[in-house]
Amino acid sequence: MSEYNCNDTLGKVFDFLGHELEEADRTKVLDHLEGCQACKKEYAIESKISKIISSSSIEAQTSFASKLQSRIQSEI
Ligand SMILES: [Zn+2]
């Protein structure tokens, strides 16, 4: 089993956060993050970004839903 280097890990971080990696790849990413401060830092930044993206899309969905609801109510 070959270990990930920094490039491998950073290339996979986004998929890792999106839960799109195979278990074996997830383990390799985690193993590398454990021992590499630089990638750990990058991972923390990426994870914040992906949280912002996912929370803002929920917000967008919510406001779309409430707009739709008020439009439906005004038509009744
Ligand atoms: Zn690294």
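The paragraphs below set out a description of the structure included in this document. Predicted, not measured: the structure shown is a model, and the values here were computed from it. The residue numbering used here restarts from 1 in each chain and proceeds along that chain's sequence as written. Reporting in this predicted model follows two pLDDT cut-offs: at least 70 for local features of residues, and 80 or more for side-chain atom pairs to be given and counted; totals over whole chains, interfaces and linings ignore these cut-offs and use all residues.

**With respect to the overall build of the protein chain**
Using the following cut-off: Helical segments are the DSSP runs of H or I of at least four residues, strand segments are the runs of E of at least two, and each set is numbered from the N terminus. When we talk radius of gyration, it's over C-alpha atoms, and the globule rule is simply 2.2 Å times the number of residues to the 0.38. Here a residue counts as buried when 20 or more other C-beta atoms sit within 10 Å of its C-beta, as exposed when there are 12 or fewer, and as partly exposed otherwise, the C-beta atoms being derived from the backbone. A pair of residues counts as a contact when their C-beta atoms, built from backbone coordinates, are separated by no more than 7 Å.
When its secondary structure is counted, the protein chain shows three helices and zero strands. The linear arrangement of helices and strands in the protein chain, starting from the amino end, is α-α-α. Computed over the C-alpha atoms, the radius of gyration of the protein chain is 19 Å, more than 25% above the 11 Å expected from 2.2 N^0.38 for a compact globule of 76 residues. For the protein chain, with 76 residues in total, the buried portion stands at 13%. Put simply, of all contacts in the protein chain between residues at least 6 apart along the chain, 59% involve residues at least 24 apart.

**Some details on the nonpolar core**
The test is simple: Any nonpolar core is a set of buried residues, restricted to Ala, Val, Leu, Ile, Met, Phe, Trp, Tyr and Cys, that join up through C-beta atoms within 7 Å.
Counting residues in hydrophobic clusters, the biggest one holds seven residues: Tyr4, Val13, Phe16, Val29, Leu33, Cys39 and Tyr43. Every element with two or more residues in this core is listed here: helix H1 (6–17), helix H2 (23–35) and helix H3 (37–75). With sequence-adjacent residues up to four places away left out, tyrosine 4 is seen in contact with Thr9, Lys28, Val29 and His32.

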